[in-house]
Structures are given as C-alpha cells and as structure tokens.
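The lines below spell out each chain.
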Amino acid sequence: MSATIAYLFPGQGSQFVGMGRDLFDRYTAVREDIFGKMDQICKKPLSTLCFDGPLEELTLTENLQPAVTAVSLACLYALQEAGAVPHMTAGHSLGEYASLAAAGVITPEDALRLVDMRGRLMQREAVAHPGGMAAVIGLPIERVEALVSEVRQGQVLAVANHNSAEQIVVTGEMDAVSRAVIGAQALGAKAVPLNVSGAWHCSLMEGAVGEFRDFMADIPFKKPSGTMYFNATGEVQSEPEAMKDIMARQLTSAVRWYPIVRAMLDNGVDTFVEVGPKRVLTGLMRKIAGRDEKIRTFSVQDLSSLESFLREL
C-alpha cells in the first residue's frame, strides 16, 4: 500500500538495559560502525552498559545520550537495509541527532560525536546549575506559559517540552518548578515533578551553548535528503549553517513537539514510525492525533518490531 511515512526518534527517558542487543548480534555494520564507534568516541564500553547495565549508570546523561542515539541509529540502519525510506523526520530533543543522520545531514559517526559532547556538557552544566522539571497535564500551552510568568519571581523557569495539546513540561530552578507545580494543581491540572538529573531546555544550560557551537563548527552538515522538522523552531529547515545554529540553540529552547507533529499531519503523513528504544513518542501520537484522523503508528526498536512494520508495509 502507498503510505506517507515519518520517522520519529526518541530522546532521554527511553533507555533500558538490553536495548539494541539483537540488532548488534544480527548486523556486522551495527556492531562495528555504530556500537564500536560509540565505544571509541566515548572512550568507555557503553555497548556493555546498553546490554548489561546497571540502569543507574546507563541513565547518567553523559552515557545515555550516546547510548540511546546508537540504538536509534541501529534501528535506522536495519530499516535502510530493508529499503524503507521516510518522507519526513523529526527527533524529540536528543532524538534530533538521529533524525539528522536519517535525513543525510550528518553521518552516524558524527551524530555520535555530537551527542557525546552534548551529554558531557549538559551533565557539567546540570551539576554547576542544579534544577528540575515537572510535567503539567490538563492545561493548554497558553495557560502554562502564563503560569510560568506568574510564578517565576526572578528565577529561571520556562517551558521545556510542548509534547501534546495539554501535556507540557516546565523546567528551571527547583523552587520555581515547585511553585509551578502548586500553581498548576490549583488550576485543576495534574502536575508531577520528573526524576531527571538536570533542568534541560532552559537558560541553566546556557554555559554549554558556545562550547557546543564551536565543537559543531568542525562537523560537516549537508542539506537534508527529505523534509526535517526542528525542535527549537517547530519548522522545516534545509540550510546547513542555519541548522547548526538551531542545534546550538536547542540546548536552551523549548521542544515544540506538538506543533511539529501537527504540521506533519497537515502535510499528509499517515504512517508514523518511532525509531529507537521504547514507545514514548508512539504514546504521544495518540494524544496529538484527532479521533477522526486516520493514521498508523509503529515502533521499530528491535528485530521483531522491524519485521512487524515491514509486513504491514
């Protein structure tokens, strides 16, 4: 059957012990060119950490960013070997680097180089500038943005992720996040502090931006082979230098996931494939797409789910 396909790549929070193992065992290129390169670039045996844990060490930001990216790239390789090609791509925060590789903007090896540096810089900034995040469920983005302005009180507080129409994550200094949680609950929403190691996507990460931009300057970017949406703008971009600027700003900008997925739907995507560990983005699709929108969702995270997707196509 004919389908308009979008690949969606997950970010932090999708890691689990054992991820990517069967793809590592099946494909020589996955074993040598993805997991092998990751271990070389990161100068530690992250492959073993992916397969055997412990989860606590895998979940450290500097470890999970290359680890999750490597698994997503392994899944992408398996799809490419099977001849599957997307019309559009997007990645959620960290997942944007696998999306860049899927669109041919950067090589998989350079994606791993970038997320290794990104993870180390973000972990450094999280230690230097502690903060937290909380999910607010049941309020529209306009009301959450107003709440953030009302309770900020001179501290760092911002919207981190616009995940669905009424699932929004706030980020910033702990006291300010706590005030946002109390304020959201007073408005009748559900608000839950998240178990994260830093306040991502706000100005507490500002110290990493310049250094990451300088590192990225030596990584060649090409024009994408298809349509790619970017978190920081919620829009399509195809110029290499503009893409680099967006990726540097992504560290302190909100992830505009809901506008991205709505744009894909409006542009005819009817088949969404989450490429990477777990099914976080697949769950969000159920919240974003309307009941009358005829779409199909798939997860490709191992050999079994790959075969299921290919059978359906």
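Described below are features of the structure shown in this document. What you see is a predicted model, and the numbers here were worked out from it, not measured in a lab.

### With respect to unusual backbone geometry
And step 1. Here the amide bond leading from glycine 53 into proline 54 is cis, since omega sits at 10°, within 30 degrees of zero.
And step 2. Its place among the elements puts proline 54 in the loop between helix H3 (46–52) and helix H4 (55–58).
And step 3. With a phi angle near 60°, lysine 43 is a residue other than glycine that sits in the positive phi range.
And step 4. With respect to the secondary-structure elements, lysine 43 resides in the loop between helix H2 (28–42) and H3.
And step 5. In the Ramachandran plot, glutamine 153 falls in the positive-phi region, its phi being about 55° despite a non-glycine side chain.
And step 6. By the secondary structure assignment, glutamine 153 is in the loop between helix H8 (141–151) and strand E4 (157–164).
And step 7. Glutamine 153 gets classed as exposed once you look at its relative accessible area, which sits at 59%.

### Things to note about the sheet that holds strand E7 (residues 227–228)
And step 1. Strands sit in the order E7-E2-E1-E8-E9 across an open sheet of 5 strands; the sheet is parallel. In this open sheet, the two strands that pair with only one neighbour each are E7 and strand E9 (296–300).
And step 2. Where strand E2 (residues 88–91) and E7 come together, 2 bridges link them in parallel fashion. By the bridge assignment for E7, threonine 89 is matched with methionine 228.
And step 3. Where helix H12 (residues 257–266) meets the sheet, it contacts strand E1 (5–9), E2 and strand E8 (271–275), and its direction lies at approximately 170° from that of E2.

### A closer look at H2
And step 1. The end-to-end C-alpha separation of H2 is 20 Å, in line with the 21 Å expected for 15 residues at 1.5 Å each.
And step 2. Of all the bends in H2, the greatest, near 30°, is centred on glycine 36.
And step 3. In the core, the buried residues of H2 are packed alongside helix H1 (21–26), H3, helix H5 (61–81) and helix H7 (108–128).
And step 4. Directly after H2, the chain includes lysine 43, whose backbone phi takes a positive value near 60°.

### Topic: the sheet that holds strand E6 (residues 190–193)
And step 1. The strand order across the open sheet formed by 4 strands is E4-E5-E3-E6, and the pairing between neighbours is antiparallel. The open sheet has two free edges, formed respectively by E4 and E6, since each of these has just one partner strand. The mean angle between the axes of side-by-side strands here comes to 20°, regardless of whether they run parallel or antiparallel.
And step 2. Sheet strands touched by H8: strand E3 (132–137), E4 and strand E5 (167–172). Its angle to E4, the strand with the most contacts, is close to 165°.

### With respect to the pairing of E3
And step 1. Counting buried residues along E3, 5 of its 6 residues qualify, which places the element largely inside the surrounding structure.
And step 2. Direction of pairing for E3 relative to E5: antiparallel, over a ladder of 6 bridges. Paired with alanine 134 across the two strands is valine 170, which belongs to E5.

### A short note on the packing of helix H10 (residues 206–216) against helix H11 (residues 240–249)
And step 1. At a closest axis distance of 9 Å, the pairing of H10 and H11 adopts a crossing angle of 150°. The two elements H10 and H11 meet at a crossing, and its hand is right-handed. Facing H10, whose interface residues are Val209, Phe212, Arg213 and Met216, H11 presents Lys244, Asp245, Met247, Ala248 and Arg249.
And step 2. For the contact of H10 with H11, the per-class residue count stands at 5 nonpolar, no polar and 4 charged.

### Considerations on the environment of phenylalanine 221
And step 1. Structurally, the position occupied by phenylalanine 221 is in the loop between H10 and E7.
And step 2. In this structure, the C-alpha to C-alpha distance between phenylalanine 221 and phenylalanine 309, residues 88 residues apart in sequence, is 30 Å.

### Topic: the pairing of E8
And step 1. The buried fraction of E8 amounts to 5 of the 5 residues, a majority that puts the element mostly inside the structure.
And step 2. Burial along E8 is two-sided: the face carrying Thr271, Val273 and Val275 and the face carrying Phe272 and Glu274 are both buried.
And step 3. As judged from the 5 bridges shared by E8 and E9, these two strands associate in the parallel manner. Within E9, the position partnered with threonine 271 by the bridge is arginine 296.
And step 4. In the classification by handedness, the crossover that spans E8, the intervening helix H13 (residues 280–288) and the parallel E9 is right-handed.

### Here we look at the packing of aromatic side chains
And step 1. Taken as a whole and assessed by the stated rule, the structure comprises 7 aromatic pairs.
And step 2. Summarising the aromatic geometry, the rings of tyrosine 97 and phenylalanine 212 are spaced 6.3 Å apart at their centres and angled 80° between planes, so their arrangement reads as edge-to-face. Residue tyrosine 97 is found in helix H6 (residues 96–102), and its partner phenylalanine 212 is found in helix H10; the two are separated by 115 residues along the sequence. Each member of the pair, tyrosine 97 as well as phenylalanine 212, carries the same accessibility label: buried.
And step 3. Taken together, Phe24, Phe35 and Phe51 form an aromatic cluster joined through their ring pairs.
And step 4. Here the guanidinium or amino end of arginine 31 rests over the ring plane of phenylalanine 24, the centre of that ring lying 5.9 Å away.

Rules used throughout
Residues numbered from 1 in each chain as written. Predicted model: local features only at pLDDT ≥ 70, side-chain atom pairs only at ≥ 80, totals over all residues. Heavy atoms only, no water. Helix = DSSP H or I, 4+ residues; strand = E, 2+ residues; numbered from the N terminus. Buried < 20%, exposed > 50% of the residue type's maximum accessible area, 1.4 Å probe, protein only. Pairing = 2+ DSSP bridges. Contact = heavy atoms within 4.5 Å. Axes fitted to C-alpha atoms, helices over the stretch in contact; angles between N-to-C directions. Expected span 1.5 Å × (residues − 1). Bend = angle between axes of the 7 residues up to and from the residue. Left-handed = near helix turned anticlockwise from the far one by under 90°. Nonpolar A, V, L, I, M, F, W, Y, C, P; charged D, E, K, R; others polar. Right-handed = clockwise from strand over helix to strand, strands pointing away. Phe/Tyr/Trp six-rings, centres within 6.5 Å; stacked < 30°, edge-to-face > 60°. Lys NZ or Arg CZ within 6 Å of the ring centre and 35° of its normal.

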